[in-house]
Amino acid sequence: AQRRSELFSPEVEEQLKQLPRGPRILLVLQGMDASGKGGVVKSVGGAMNPLGVDVAAFGRPTAAQRRKHYLERVIAQLPEPGHVGVFDRSHYEDVLVPAVSGSHSEDQVAERVETLLLFEQELARRGFVIIKVMLHLSPQEQLARLLSRLDSEHKQWKYDPSDADARAQADTYLRVY
């Protein structure tokens, strides 16, 4: 309890206390750009009643989100009891990106991992079943998919120049994953 109070902000603790107990599923998708996360969301979500599926995608935190504990934006996207939540990318981005970019020390990254483990334990106590899926693809397949985004008019919106930067660090991302 003492360690948790060191890792969670008072706001995170309050938000967790407000979470209603009850069964729900949280599907966490993680993978490099073009690994198929969106396709899994469509396949899984499309097979269910859309009224019971809550999808959240985590991109870069906004300026307002960066001023708060990183778990606050995650908690805000958790599914209600009886629902399935799908995270397209996830709360692990808050470990992955600082570890790869070097913006946090090894101790800070380890602390974030510990925080996420405690967070997931609390979710499980509140009735969550957490399913984590790592989507992996070869560098060759990733390149082909990224290039197809440029060639396809209806997929060009998916391309971001930062995809090339991330691709250049693929080995580091895989090590951190």
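So, how was this worked out
- Residues numbered from 1 in each chain as written.
- Predicted model: local features only at pLDDT ≥ 70, side-chain atom pairs only at ≥ 80, totals over all residues.
- Heavy atoms only, no water.
- Helix = DSSP H or I, 4+ residues; strand = E, 2+ residues; numbered from the N terminus.
- Buried < 20%, exposed > 50% of the residue type's maximum accessible area, 1.4 Å probe, protein only.
- Polar contact = N/O pair within 3.5 Å; in protein donor to acceptor, adjacent residues only side chain to side chain.
- Core = buried A, V, L, I, M, F, W, Y, C linked by side-chain atoms within 4.5 Å.
- Contact = heavy atoms within 4.5 Å.
- Phe/Tyr/Trp six-rings, centres within 6.5 Å; stacked < 30°, edge-to-face > 60°.
- 1 Å grid on protein atoms, 1.4 Å probe; cavity = no way out; pocket = protein on both sides within 12 Å on 5 of 7 lines; lining within 4 Å.
- Points joined across faces, edges and corners; volume = space filled by probe spheres on them.
- Nonpolar A, V, L, I, M, F, W, Y, C, P; charged D, E, K, R; others polar.

Novice: Hey, could you run me through the side chain of His91 in this one?
Specialist: Residue position: His91 is located in the loop between β3 (84-88) and α6 (93-101). Look at His91 and you get buried, because its relative accessible area is 1%. Among the polar contacts made by the side chain of His91, one reaches the side chain of Glu120 at a distance of 2.9 Å.

Novice: In this structure, what is going on with the nonpolar core? I would like to understand it.
Specialist: Proteins that are soluble and globular tend to have nonpolar side chains buried together. Counting 22 residues, the largest nonpolar core has Phe8, Leu16, Leu71, Leu78, Phe87, Phe119 and Leu123 as the members making the most contacts within it. When residues in this core are grouped by element, the largest group, five residues, is from helix α7 (residues 106-125). Apart from the residues lying within four places of it in its own chain, the contact partners of Leu78 are Leu19, Leu26, Phe87, Phe119, Leu123 and Phe128. If you look at the next biggest cluster of nonpolar residues, it comprises seven residues, including Leu96, Leu137, Ala170 and Tyr173.

Novice: Looking at this model, I keep getting lost on the packing of aromatic side chains. Mind explaining?
Specialist: Aromatic ring pairs are reported here in terms of the distance separating the ring centres and the angle at which the planes meet. Within the structure shown, the criterion is met by two aromatic pairs. With a centroid separation of 4.9 Å and an interplanar angle of 80°, the aromatic rings of Phe58 and Phe87 are classed as edge-to-face. Note that Phe58 is positioned in the loop between β2 (53-57) and α4 (63-66) and Phe87 in strand β3, a separation of 29 residues in sequence. Assessed through its relative accessible area of 0%, Phe87 is described here as buried. Ring centres of Tyr173 and Tyr177 lie 6.5 Å apart, and the angle between their planes is 40°; on these two criteria the pair is classed as tilted.

Novice: Looking at this structure, how should I read the layout of surface pockets?
Specialist: Empty pockets left among the atoms are what a rolling probe the size of a water molecule brings to light. Taken as a whole, the largest pocket spans an internal volume of roughly 1700 Å³. Lining the largest pocket are 50 residues, with Asp33, Phe58, Gly59, Arg89 and Glu93 sitting closest to its centre. Of all the secondary structure elements, the ones that give two or more residues to the lining of the largest pocket are α3 (37-46), α4, α5 (71-75), α6, α8 (139-151) and α9 (162-168). Here the lining of the largest pocket takes six residues from α6, the largest share from any one element. What lines the second largest pocket is a set of 14 residues, among which Gln30, Tyr92, Lys132, Val176 and Tyr177 lie closest to the centre. Among the secondary structure elements, those contributing two or more residues to the lining of the second largest pocket are β1 (24-31), α6, α7 and β4 (128-135). Tallied by class, the residues present in the lining of the second largest pocket amount to 11 nonpolar, one polar and two charged.

Remember that the coordinates give geometry; whether it matters functionally is a separate question.
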